[in-house]
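# Per-entry structural report
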Amino acid sequence: MTTPVFLNEDEKDCLQELMNVSYGEATAAIASIIDRYATLTIPKINTISLSELKEHLNNKLLQNDSLYIASQIIHGNISGENLFVIDDKSSYNLTKEFGLDEDEIDEDEIDEVVLEITNIISSVTSGNLASMIDANITFSSPHLNKINTITQFEDRFDKQYENIIIISTELNFEDEHIKGELIILTKNKSSLFLKNSLVNFIEDVEA
Amino acid sequence: MNIIDNNVIFNSVDNGIIILDENLNIQAWNRWLEVLTHLKEENIVNQNICELFSYINEKKLKRKIKSVLVTKTPSFYNVNPNKYLIQIPIDSITNTSYTFMQQNVTIVPYDEEKKLVCVFIYDTTILSEANSKLEKLNNDLLEMSHKDPLTHLFNRRYFSTQSKKVQAFSKRNNLDLSLIVLDIDKFKAINDTYGHLIGDEVIIHLSKILAKSVRESDIVSRFGGEEFVVLLQDCNAENTYIVAEKLREEIEHSFVELPDEKILKYTISLGIAQFDEKLDDDNLEHTFARADTALYEAKLNGRNQAILV
C-alpha cells in the first residue's frame, strides 16, 4: 500500500493563500459573466482520506435530499479530478442568479448552470494554481451526477484517489447565499508534485 | 521551418470548426460544416449564428462565449437539451434513436484582442446511442435491485436505505413518521391447502391493495414471505391506525379468484408504531420492533385486527 502524501501546516497555509487568490479570480469571472456582484468567503482547506470523503458526503446527504456532484478530470502535472458539490437549494438559487426566471427553471437548466459554474471555478482556480506553481494542466469537459445515496457516489466514482483536498467556500450574491465545495482528488504522484511545488513557493517567498 | 498549415488542418479535420466574434457573428466555417449543412462559408460569413439558426439559445451561447473570453479557459456546451449546436440530420439506417447528429461542443479562446472564440463541434451520435442503451440497462438493473420480483414492491434492502433518509428528512422538518408492520393470517394454511402458486396470488393481491391505498410519499415494502412494512411520512399514530384499519377492512371484504371459479378470502393483522426519537433511541429499527410486537399481540388476540402501541 502506498503512503498518502500529507501537507504540513505551512504547506496547507500556503495552498489556502494561493487558493484564496485563485478563488478571488473565479468570483470576479463569475460576477463579470452574469453581471451580478458576488463575493466569496475565505476558502477553508481540509485534507482527508477517501473513506472520510464518503462520510462527509453521507452527512451532507442526511441534511439534503440530493446533491449535485460535477466532476472534471485534470490532466498534467497535478492530474486528478475536481469535484464541485452543491445541494439542491443552492443550485436552484444559483440558477436564478444566472438570470433565469422561476418559470424558466427546470432540471436541464439547473444541470447546465451547475456544469457552467463548475467549469469556471474548477478551471480558473486550478488554472491559476498551476500557473503560480509552474505546472501545466488541461481539463476535460465536466460531467454531472445527482446522487441521493452514498452508494450512488461509490458506484460512479470508483477511482481510488489517495489524497483529497476539500476547499469549502460560500458564494454570496446580493440576495442569495450559495454553498458549494470544490474537492480536489489526486493520486500520490501528483500530490507529491503539488507538495514539492508548495515547498519551492514558500522558499521563494521567504528568500 | 514551420510545416504547420492551419488552413489545411481547418478544412481537413473530421469535426466542425466555427470562429465567432463576441456578438455571435460567424468569422469562419470549415469544410466539414459546409459538407454537412450544405452552407458555403462565403455565404454565411459575418452573419449572426443565432439569426441563421433560430433554434440556438442566444442567451446561453452569449454567456458561454463571455465565460471563455473572461476566464481565458475552454467552456463546454454538452448538456441536455443542447444535444447539438448545429442541426445536422442523420441518414444512417443503423441509427434508431436520433434524428439529428448528437454533438459535444467545446468553445476555446481564439484571439483575445479581437475577442474571437473558436467553436469545436464533435460528432458523438454513436457514443450517445451506446450510452443511452447502457443507461436504460442500468436503470433496469437498479429497478431490479430495489424491487421484489413477485410483487414489484420495494424490497427490504431498499426500505432500509430509504427509511434512514425519510427519518432524517422528518427530523429536519419536524414531521411525524409512523410504521405499519403487517402479515397475512394463517398464510401457512393457505399454502398447505391451495399450494404455493395460490399463496403467491394472495401475496400479489395484497400487494396491489397496499400499493393503491397509500400516498406516493409512503414506502410499501415486502420484507419477505408474507410480511410487509409501510412507512408513512407526515402521519401520526392515530392517522396511521385509521389507514391500517381501512386496509384490514378492505382485505376482509375482498377475495382472490381461484382457477375453478371459487374464491379465497383471507385476513391480515397489523402492528402500528409512531417513531419517537427518545423512546426509540433515534433508531427506526426500534420503532419497527415495537410495531412488530404490536403485530404479535394482534395475532395472539385472535388475528384480523390492528393494534397501535
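Residues numbered from 1 in each chain as written. Chains lettered and ligands numbered in written order. Predicted model: local features only at pLDDT ≥ 70, side-chain atom pairs only at ≥ 80, totals over all residues.

Per the secondary structure count, chain A includes six helices and eight strands. Listed by position from the N terminus, the elements making up chain A come as α-β-β-α-β-β-α-α-β-β-α-β-β-α. Taking the principal axes of the C-alpha coordinates as reference, chain A spans close to 55 × 35 × 25 Å. Out of the 207 residues belonging to chain A, those deemed buried represent 38%. For chain A, long-range pairs separated by at least 24 residues make up 73% of all intrachain contacts whose partners lie at least 6 apart in sequence. (Helix = DSSP H or I, 4+ residues; strand = E, 2+ residues; numbered from the N terminus. Buried ≥ 20, exposed ≤ 12 C-beta atoms within 10 Å, placed from the backbone. Contact = placed C-beta atoms within 7 Å.)

Right, let's get into the interface of chain A and chain B. Facing the 20 residues of chain A at the interface are 19 residues of chain B. Breaking the side of chain A that touches chain B down by element, the ones donating at least two residues are α1 (9-34), α2 (50-63) and α4 (107-132) of chain A. With ten residues, the top contributor of residues to the side of chain A that touches chain B is α4 of chain A. Classifying every residue of the side of chain A that touches chain B gives eight nonpolar, seven polar and five charged. (Nonpolar A, V, L, I, M, F, W, Y, C, P; charged D, E, K, R; others polar.)

This part covers the pairing of strand β7 (residues 219-224) of chain B. Residue and element names in this part refer to chain B. With five bridges joining them, β7 and strand β8 (residues 227-233) adopt antiparallel strand pairing. Bridging across to β8, Arg222 finds its partner in Phe228. The antiparallel hairpin formed by β7 and β8 contains two residues in its connecting segment, where Gly225 sits at a positive phi of about 50°. (Pairing = 2+ DSSP bridges.)

Below, the discussion takes up the packing of α1 of chain A against helix α6 (residues 188-206) of chain A. The relative placement of two packed helices comes down to the angle between their axes together with the axis-to-axis distance. Residue and element names in this part refer to chain A. Between α1 and α6, the shortest axis-to-axis distance is 10 Å and the interhelical angle comes to 85°. In terms of their interaxial angle, α1 and α6 are classed as roughly perpendicular. The segment α1 lies against α6, with Asp10, Glu11, Cys14 and Leu15 engaging Lys195, Leu198, Val199, Phe201 and Ile202. When the residues that make up the contact of α1 with α6 are grouped by side-chain class, the tally is six nonpolar, no polar and three charged. (Axes fitted to C-alpha atoms, helices over the stretch in contact; angles between N-to-C directions. Parallel < 35°, antiparallel > 145°, perpendicular 65-115°, else oblique.)

Moving on, we come to unusual backbone geometry. Residue and element names in this part refer to chain B. Its identity as a non-glycine residue notwithstanding, Asp234 has a phi of 50°, on the positive side. Its 16 C-beta neighbours within 10 Å are what place Asp234 among the partly exposed residues. Located in the positive-phi region is Glu261, a residue other than glycine, with phi close to 65°. Note that Glu261 resides in the loop between β9 (256-257) and β10 (263-264). Glu261 gets classed as exposed once you count the C-beta atoms within 10 Å, which come to 6.

What follows covers the sheet that holds strand β6 (residues 177-184) of chain B. Residue and element names in this part refer to chain B. The strand order across the open sheet built from five strands is β7-β8-β6-β11-β12, with neighbouring strands paired in mixed fashion. Among the strands making up the open sheet, the edge pair consists of β7 and β12 (306-308). Direction aside, the axes of adjacent strands within the sheet are offset by 20° on average.

With that out of the way, let us pick up the sheet that holds strand β1 (residues 16-21) of chain B. All names here are of chain B. Reading across from one edge, β2-β1-β5-β4-β3 is the order of the five strands in this open sheet, with antiparallel pairing throughout. Where the open sheet ends on each side, the last strands, each with one partner, are β2 (26-29) and β3 (75-76). Here three bridges tie β1 to β2, and the two strands are oriented antiparallel to one another. Paired with Ile19 across the two strands is Ala28, which belongs to β2.

Structural measurements only, silent on function.
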